[in-house]
Every structure is written in structure tokens, then in C-alpha cells.
Amino acid sequence: MFRLINVDGHAALEVDGHYFDLAALSGDPTLADPMVAVERHAELHELSAGCASAIASGQLAGVTLGAPVPAPRQVFGIGLNYAEHAAESGRSLPEAPLTFTKFPSCITGPTTDLPITGPMVDWEVEIVAVIGTEVSHVAVAEAWGAVAGLTLGQDISDRGVQFSDSPPQFSLGKSFAGFGPTGPALVSVDAFDDPDDIGLWCDVSGERMQEGRTSDLIFSVPTLVAYLSSICTLYPGDLIFTGTPSGVGLARGRFLAPQDELRSGADVIGELRNQCVEGVGPLSV
Ligand code: ZN
């Protein structure tokens with residue numbers, strides 16, 4: 001198993017509170033690039049095991065991590081993928097994965113500030129599947145094999161932009177800079193007792209807003225990978241935000257404000273902590 005992290009733009013492995021610069025550990029400077037590291041995820045298991053007898057590059061505490069996958073080619077978002085969230089949204093269950101994009105420029109690290117771009121900026125904690133191998137038309141039974149690992153993400157949404165018109169504007173409303181916090185690590189699939197049953201939660205300024213398990217996903221990770229790959233070729237580093245449990249702000253009539261702290265967590269993967277700050281809304285045209 002491995003935990004791949006991004007330290008100052010350099011790929012590193014996390015082991016027991018320390019980080020190991022991948023280029024130094026492997027003697028291969030090309031592995032410094034986090035996107036190359038994701039593509040060569042199969043090598044990371046052995047490199048991670050070798051950390052026990054290697055000298056660490058530093059302590060994890062005090063390091064500000066970047067996005068484990070900072071420059072994905074494609075970022076897929078899945079809507080209404082938990083039954084209780086579909087119900088709170090007043091929607092029936094989708095018959096196929098309801099898919100939009102978060103434009104890749106919105107992807108940031110686990111502790112970046114979150115700009116509040118309007119009065120209806122909302123949280124959506126989600127498990128994010130990271131593609132490890134180029135695939136098209138992969139079968140459901142083979143689909144976990146195309147996944148490098150899992151990370152945690154927030155599919156931040158400006159509901160004012162998203163629902164400004166009909167039909168709605170999902171992709172732009174979810175793509176302001178900073179609207180895709182991810183991390184803290186990309187964790188290999190074999191690190192989970194059951195990768196189809198991962199607990200996740202989200203707190204806003206200390207109040208628990210969301211709590212769920214991926215065993216409640218309507219479309220599981222392998223089903224999503226198989227379905228998306230039947231339409232789009234999937235590439236190493238592509239992200240799939242798998243959908244959010246119930247408890248979003250839209251259903252509560254409560255949204256994020258500057259000074260709120262957004263904390264999100266998932267079993268095994270770890271936590272995101274994002275401080276809300278004043279942001280700038282879209283241009284009026
Ligand atoms: Zn979402």
C-alpha cells in the first residue's frame with residue numbers, strides 16, 4: 001500500500017508521520033512530478049515498503065500539502081449518487097450516473113482557503129477515485145484495477161451560479177478557483193479493508209453537517225469507472241468525484257460564509273481543513 005502526497009509540488013510518500021521525496025527515494029528524478037507518480041502507481045507499493053530502511057526527507061507536521069493530483073486531464077463529478085441526498089434535493093434516483101465536470105483549474109490542496117463567491121456557496125464532501133491506468137470500455141469486474149487509489153474531495157458549489165437559469169449551470173457553478181479541495185493523500189486501494197465501504201463526514205465551524213458511507217452509493221466506484229469509460233477514454237490522474245451524502249447546505253437553507261471553517265474527513269484517507277474567506281462572484285453580463 002502507499003500514501004502519495006504533494007510537498008511543494010514534489011511527489012512524496014507518507015509513512016508513519018514522515019515524508020519521503022520520491023525522486024530522492026527512487027533515484028529517478030522523473031518521479032518528482034506528481035502526475036508521473038500517479039501514472040507509475042504500481043511502483044509505489046515497493047518504494048513505500050522500502051521507506052522503513054530509508055532516511056526521511058522530513059516530518060509531515062508543519063508541511064503544507066498540495067493536491068495529490070494537481071493537474072488532472074479530466075475531472076468528473078457525479079450528482080445525486082446517494083439516495084438520501086437525491087431525496088433532500090427533491091429528485092428521483094438517476095437511472096445512469098448524472099455526470100458533470102469540475103474544470104481542472106478548480107483543483108487545490110487539502111488546506112487552501114475557500115473563496116466565498118456569493119451568498120449560496122455550499123459544501124459536498126465526496127470520496128474521489130483517481131484513475132491509474134488508461135482505459136476505455138473496462139468491465140465493472142475489472143474496474144478497480146484501473147484505479148490508482150482514492151482521495152477525499154470537496155465538490156464546492158455556488159448554488160446561485162448553478163441554479164441561475166434553467167437548465168442549470170452545474171459545471172461553472174462548481175469550478176471557481178479553489179472549489180475543488182483534495183487530499184491530504186492519494187491512498188492505494190489495498191489500504192482499505194473494504195474500498196466499497198468508506199465512512200466520510202463534513203463539519204462546518206464545528207457542526208456536523210454530513211456523515212455517510214460509500215456502501216450507500218447508488219453507483220459504486222467500479223460502476224462509475226466502467227460507465228464513464230464506455231463513453232470517455234479515462235487517463236491516469238483523472239478524478240471522479242463520486243457524489244455527496246445528504247446534509248448539504250441547499251437542503252438546510254444554510255450556506256458557507258467568510259470565517260467559517262470547513263472540515264472534511266474520511267476513513268484511512270484523512271482530513272481536509274479549508275478556511276472560508278471573502279471571494280469574488282462572477283461578472284454580470
Ligand atoms: Zn458533488
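Owing to the predicted nature of the structure, the values given are computational and were not obtained by experimental measurement. (Residues numbered from 1 in each chain as written. Predicted model: local features only at pLDDT ≥ 70, side-chain atom pairs only at ≥ 80, totals over all residues. Heavy atoms only, no water.)

Glancing now at the sheet that holds strand β19 (residues 270-278). The strand order across the open sheet formed by five strands is β9-β19-β18-β15-β16, and the pairing between neighbours is mixed. The sheet is open, and its two edges are formed by β9 (114-116) and β16 (207-213), each paired on a single side. Strand-to-strand, the axes of this sheet are offset by a mean angle of 20°, without reference to chain direction. Pairing analysis gives three bridges linking β9 to β19, with the strands arranged parallel. The residue bridging Leu 114 from the neighbouring strand is Cys 276, located in β19. (Pairing = 2+ DSSP bridges. Helix = DSSP H or I, 4+ residues; strand = E, 2+ residues; numbered from the N terminus. Axes fitted to C-alpha atoms, helices over the stretch in contact; angles between N-to-C directions.)

Attention now goes to the nonpolar core. Counting residues in hydrophobic clusters, the biggest one holds 78 residues, and the most contacted among them are Leu 4, Leu 22, Val 225, Ile 240 and Leu 256. When residues in this core are grouped by element, the largest group, six residues, is from strand β11 (residues 125-131). Dropping the residues within four chain positions of it, Leu 22 is found in contact with Leu 4, Ala 11, Ala 12, Leu 13, Gly 27, Leu 31, Ala 37, Leu 44 and Leu 47. (Core = buried A, V, L, I, M, F, W, Y, C linked by side-chain atoms within 4.5 Å. Buried < 20%, exposed > 50% of the residue type's maximum accessible area, 1.4 Å probe, protein only. Contact = heavy atoms within 4.5 Å.)

Throughout the structure, instances matching the rule amount to 15 salt bridges. A salt bridge links Asp 197 to Arg 213; the shortest N-O distance between them is 2.7 Å. Of the two residues, Asp 197 sits in the loop between β14 (180-187) and β15 (199-204) while Arg 213 sits in strand β16, which places them 16 residues apart along the sequence. By relative accessible area, which is 27% here, Asp 197 ends up partly exposed. The exposure class of Arg 213 is partly exposed, given its relative accessible area of 35%. Residue Arg 208 pairs with Asp 203 through a salt bridge whose shortest N-O separation is 2.4 Å. Among the residues examined, Arg 208 registers a relative accessible area of 37% and is labelled partly exposed. When its relative accessible area of 10% is taken as the criterion, Asp 203 is described as buried. It is possible to trace a salt-bridge network through shared partners that takes in Lys 102, Asp 122, Glu 124, Asp 155, Arg 159 and Lys 174. (Salt bridge = Lys/Arg side-chain N within 4 Å of Asp/Glu carboxyl O.)

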